[in-house]
Amino acid sequence: MALTANNLDIEAAYHAVSDTYLGSEVDIHALCREKRHNEPVMQGDFVDTYLKVPTNAGAKGGKCAVTLFKYKDILSVLRDAETYTSGFIAEGLGAFFDGLIILAMDGEQHRRTRALLQPVFMPETVKEWKPEIDRVIRDEFLAPIVAEKKANLMDFGLYFPIRVMYALMGFPTDDAEKFKQYASWALALVAANQIDPEKAKIYGPIAGQAVKSLYDAINQVVVKKRAEGTEGNDLISRLINAEYEGRALDDHEVTTFVRSLLPAAGETTTRTFSSIMTLLLERPELLERVRNDRSLIGKLIDETVRYEPVATFKVRQASKDVEIGGVKVPKGALVQCMVISANRDEESFPDPDTFDIDRKARPSLGFGFGPHMCIGQFVAKVELNSAINAILDLFPGIRLDPSKPAPEIAGAQLRGAKAIHVIWD
């Protein structure tokens, strides 16, 4: 049977994305360390030369003129959205979303759109959802498997962020299969960004089907909510009630905005969860510390995002001729920022290759930085905190299953572990 958007399940879609961004078999941390020390401002495209994975630039995005590896250089690029813009993304990934994608907006349009979307992702809004997040994670996902004494944590990790985030956005919560279908469509859009022409032939048409199916499914919810009245705190209700550039949004705009957020709505949290649990379970003494002092979970999350960021690089486009570290970057050229390198820059993080939740707090760049910092990071942190607490409460003596392969964090981009096999008492 031919693979289509309707028979692509979420596991297949997730692994298709992982495989797309796995890249060449290089030690990305060692490679970045060597560049930091010997060529911190590299002329040309590091990702294409060494990692062999797609970027979010799109075919028309311009040529990559320079790749940066130092924390201070990358920080200065990410915080200066006037000089280093993101609009080129609209010609790649953004083409799926009629240009209404916040990642691809610059200037006043970006500021207004972010102000429109931000309230639903703010701490005070998300805190109202925490009891429901805890209930979903414990009652719907973890309690039913306690008696089994073993699991692949990624069977849980793949689903709980989708279930929570889609409810936060305003989708009905009474049909789990719908959540899974929407999530597989959203992931199919990410998987479409292929370098291999043969894979592009497979996932290009699937993405085309998925983008329409996702639009139709969201539009149904939008139309129904508008007809019934929108009193809720969810994202769809807020967008229906909001104004954009001085006018109310129509159903098409609400639908398109929501669709543009879905590819990252669960997947990034899933990958972060996989890295947190891998790093924690590999360190039994740390696991015991966290089990006995849950106030450390926040530090555990932050250190994981520094140590193993999901997104290893960000790309920006120069809006004018600039010079970085002696390298001339012409207007229109792309600037590649190796976030994974910045997060282990010795000048910014002492002993950076050690996983240390007690290190002095400093902003890492795992959630980005500046105007385009991840809009959903607080939601992700609340979800992750709830999940880790629930696992430690419900699975006494949890540890890696010695009869199964140890988890491995991998990927030249979109890093994470595919499987985490555990047992408990």
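The structure this text deals with has already been given above.
As the structure is a computational prediction, the values presented were derived from the model and not from experiment.

Draft legend 1. Main features of the pairing of strand 2 (residues 64–68). Of all five residues in strand 2, five are buried, a share of seventy percent or more. Pairing geometry for strand 1 (residues 41–43) and strand 2, over three bridges, is antiparallel. Each residue of the ladder has a partner; that of Q43, found in strand 2, is V66. In this structure, strand 2 lies alongside strand 10 (residues 334–337), joined through four bridges in parallel fashion. Counted as the bridge partner of T67 is Q336 from strand 10.

Draft legend 2. Local environment of the sheet that holds strand 14 (residues 421–423). Reading across the sheet, the three strands line up as 4-14-11 and stay open at both edges, with antiparallel pairing between neighbours. Taken across any chain shown, the strands that pair with only one partner, and hence form the sheet edges, are strand 4 (150–152) and strand 11 (399–400). Here two bridges tie strand 11 to strand 14, and the two strands are oriented antiparallel to one another. Bridge assignment links R399 to a residue of strand 14, and that residue is I423.

Draft legend 3. How the structure looks around the sheet that holds strand 3 (residues 84–85). What the five strands build is an open sheet, ordered 1-2-10-7-3; its pairing is mixed. Each of the sheet's edge strands pairs with one partner strand only, and the pair in question is strand 1 and strand 3. Against the sheet, helix 4 (residues 71–79) contacts strand 1, strand 2, strand 3, strand 7 (314–318) and strand 10, and its axis sits at roughly 125 degrees relative to strand 10.

Draft legend 4. Spatial organisation of unusual backbone geometry. We note that K149 has phi near 65 degrees; this positive angle belongs to a residue other than glycine. Inspection of the secondary structure assignment puts K149 in the loop between helix 6 (123–142) and strand 4. Since its relative accessible area comes to 42%, K149 is described here as partly exposed. Although it is not a glycine, L414 adopts a positive phi angle of roughly 55 degrees. Counting through the fold element by element, L414 comes out in the loop between strand 12 (409–410) and strand 13 (416–417).

Draft legend 5. Local environment of the nonpolar core. If you look at the biggest cluster of nonpolar residues, it comprises 104 residues, and the most contacted ones within it are L153, Y166, F273, M277 and I398. If we ignore the near neighbours within four places in the chain, the residues touching F273 are L153, M154, F156, G157, F160, L384, A387 and I391. By size, the runner-up hydrophobic cluster in this structure holds 22 residues, among which are L68, V329, A333 and V339.

Draft legend 6. A look at the pattern of salt bridges. Under the definition given, this model contains 29 salt bridges. Across the pair E347 and K70 runs a salt bridge, and its minimum N-O distance is 3.2 Å. Placement of E347 in the loop between helix 16 (339–342) and helix 17 (377–394) and of K70 in the loop between strand 2 and helix 4 is noted, with a sequence separation of 277 residues between them. The class of K70 is buried, set by a relative accessible area of 10%.

Draft legend 7. Structural context of the packing of helix 6 against helix 8 (residues 160–169). Where helix 6 contacts helix 8, the two axes come as close as 10 Å, and the packing angle between them is 145 degrees. For the pair helix 6 and helix 8, the sense of crossing is right-handed. For the pair helix 6 and helix 8, the contacting residues are W129, E132, I133, R135, V136, I137, E140 and F141 in the first and F160, R163, V164, A167 and L168 in the second. Per-class residue counts for the contact of helix 6 with helix 8 are nine nonpolar, no polar and four charged.

Draft legend 8. Spatial organisation of the environment of F69. Mapped onto the elements of the fold, F69 is located in the loop between strand 2 and helix 4. Put simply, F69 and I340 are 271 residues apart on the chain and 8.4 Å apart in space, counted from C-alpha to C-alpha. If we ignore the near neighbours within four places in the chain, the residues touching F69 are C32, K35, R36, E39, P40, M42, F46, I74, M338, S341 and A342.

Draft legend 9. Region of interest: the environment of A207. Relative to the assigned elements, A207 resides in helix 10 (residues 197–228). Sequence separation of A207 and W185 is 22 residues, and the distance between their C-alpha atoms is 7.5 Å.

Draft legend 10. Expanded view of the side chain of N152. As for its position among the elements, N152 is in strand 4. Reaching out from N152, the side chain makes a polar contact with the backbone nitrogen of I420 at a distance of 2.9 Å. Residues within four places of N152 in sequence aside, it is in contact with A419, I420 and H421.

Rules and cut-offs
Residues numbered from 1 in each chain as written. Predicted model: local features only at pLDDT ≥ 70, side-chain atom pairs only at ≥ 80, totals over all residues. Heavy atoms only, no water. Buried < 20%, exposed > 50% of the residue type's maximum accessible area, 1.4 Å probe, protein only. Helix = DSSP H or I, 4+ residues; strand = E, 2+ residues; numbered from the N terminus. Pairing = 2+ DSSP bridges. Contact = heavy atoms within 4.5 Å. Axes fitted to C-alpha atoms, helices over the stretch in contact; angles between N-to-C directions. Core = buried A, V, L, I, M, F, W, Y, C linked by side-chain atoms within 4.5 Å. Salt bridge = Lys/Arg side-chain N within 4 Å of Asp/Glu carboxyl O. Left-handed = near helix turned anticlockwise from the far one by under 90°. Nonpolar A, V, L, I, M, F, W, Y, C, P; charged D, E, K, R; others polar. Polar contact = N/O pair within 3.5 Å; in protein donor to acceptor, adjacent residues only side chain to side chain.

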